[in-house]
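Overview (structure and organization)
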Amino acid sequence: MKRNQDDAKLTILYREDAWKNTETYSLTNLAGTVFRHGSYPNYLILCGHYTEIEILNTLALCTPCKVTQVVGCDNEQLPFPIE
C-alpha cells in the first residue's frame, strides 16, 4: 500500500476564488477522485496528471488556474494531507 502512495500521480489546482461544488463534481468526471479541504478552499487535488488545457476544457473556464503535477501522497507541495 505504501508503494502505491509513493507512486501516486496527483494534480494540484489553485486559484484565487474558492472552488464551487459544481466544479468539483465536473472534475470527478475527469479524474475520478478529487480531494478538497475546508481550510483550503482555493485548492483541489486530482488523482492523475492533467494539464491546464484539460482542466479548462472540463470546466469550460475562461479564468486559468495554477496547475501543478506531483508524485506521491506525501509530496511536500501538497497543500493538505491526503490518504
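Just above, that's the structure.
Below you will find a few notes about this structure. (Residues numbered from 1 in each chain as written. Predicted model: local features only at pLDDT ≥ 70, side-chain atom pairs only at ≥ 80, totals over all residues. Heavy atoms only, no water.)

Regarding the sheet that holds strand 3 (residues 43–47)
Operational definition: We treat two strands as partners when DSSP finds at least two bridges between them. In this description a helix means any DSSP run of H or I spanning at least four residues, a strand means any run of E spanning at least two, and both kinds are numbered starting from the N terminus. Contacts between residues were defined by any pair of non-hydrogen atoms, one from each residue, lying within 4.5 Å. Lines fitted to C-alpha atoms define the axes here, with helix axes fitted over just the stretch in contact, and angles between the N-to-C directions of these axes take values from 0 to 180 degrees.
The four strands lie next to each other as 2-3-1-4, forming an open sheet whose pairing is antiparallel. Every other strand in the sheet has two partners, leaving strand 2 (34–35) and strand 4 (66–71) as the edge strands with one partner each. Looking at chain direction, strand 2 and strand 3 are connected through two bridges and run antiparallel. Looking at the pairing, Val34 lines up with Leu46 of strand 3. The sheet strands contacting helix 2 (residues 21–31) are strand 1 (9–14), strand 2 and strand 3, and the helix crosses strand 3 at an angle near 20 degrees.

With respect to the nonpolar core
Our working definition: Residues grouped as a nonpolar core are buried Ala, Val, Leu, Ile, Met, Phe, Trp, Tyr and Cys residues, joined through side-chain atoms within 4.5 Å. When accessible area is computed with a 1.4 Å probe and restricted to protein chains, residues below 20% of their type maximum are described as buried, those above 50% as exposed, and intermediate ones as partly exposed.
Judged by nonpolar contacts, Leu13, Trp19, Leu27, Ala31, Val34, Leu44, Leu46, Tyr50, Ile55, Leu59 and Cys65 together constitute the single largest core of eleven residues. For this core, the elements supplying multiple residues, two or more each, are helix 2, strand 3 and helix 3 (52–59). Setting aside residues up to four positions removed in sequence, Leu44 forms contacts with Thr11, Ile12, Leu13, Trp19, Thr24, Leu27, Val34, Phe35 and Arg36. Listed in part, the ten residues of the second largest apolar core include Phe35, Cys73, Leu78 and Phe80.

Notes on the pattern of salt bridges
Definition in use: By definition here, a salt bridge exists when the distance from a side-chain nitrogen of Lys or Arg to a carboxyl oxygen of Asp or Glu is within 4 Å.
If you walk through the whole model with that rule in mind, you get one salt bridge. Glu23 is the partner of Arg15 in a salt bridge, and the nearest nitrogen-oxygen pair spans 2.5 Å. Glu23 shares its class with Arg15; the two are buried.

A short note on the environment of Ala60
For Ala60, the location among the structural elements is in the loop between helix 3 and strand 4. Of the residues examined, Ala60 reaches a relative accessible area of 65% and is grouped as exposed. C-alpha of Ala60 to C-alpha of Ala31: the two residues are 29 residues apart in sequence and 16 Å apart in space.

Some details on the side chain of Asn75
This is how it is decided: By the criterion applied in these results, polar contacts are pairs of N or O atoms within 3.5 Å in which, for protein atoms, one can donate a hydrogen and the other can accept it, and in which residues neighboring in sequence qualify only through two side-chain atoms.
For Asn75, the location among the structural elements is in the segment after strand 4. Overall, the relative accessible area of 19% leaves Asn75 in the buried class. Polar contacts involving the side chain of Asn75 include one to the main-chain carbonyl oxygen of Val71, which spans 3.2 Å. Polar side-chain contacts of Asn75 include one of 2.8 Å to the backbone nitrogen of Gln77.

Considerations on the packing of aromatic side chains
Aromatic rings considered in pairs are described by the distance between their centres and by the relative angle of their planes. How we decide: The aromatic pairing rule takes the rings of Phe, Tyr and Trp, using the six-membered ring of Trp, and pairs them if the centres are within 6.5 Å, calling planes under 30 degrees apart stacked, those over 60 edge-to-face and the rest tilted.
The final tally for this structure, using the stated rule, is three aromatic pairs. With centroids separated by 4.8 Å and ring planes inclined at 50 degrees, the aromatic side chains of Tyr14 and Tyr43 adopt a geometry described as tilted. Here Tyr14, found in strand 1, pairs with Tyr43, found in strand 3; they are 29 residues apart in sequence, far enough to count as distant. Tyr14 sits in the partly exposed class, given a relative accessible area of 26%. For the ring pair Tyr40 and Tyr43, a centre distance of 6.5 Å and an interplane angle of 70 degrees mean the geometry is edge-to-face. Under the relative-accessibility criterion, Tyr40 is labelled partly exposed at 33%. With relative accessibility at 26%, the residue Tyr43 sits in the partly exposed group.

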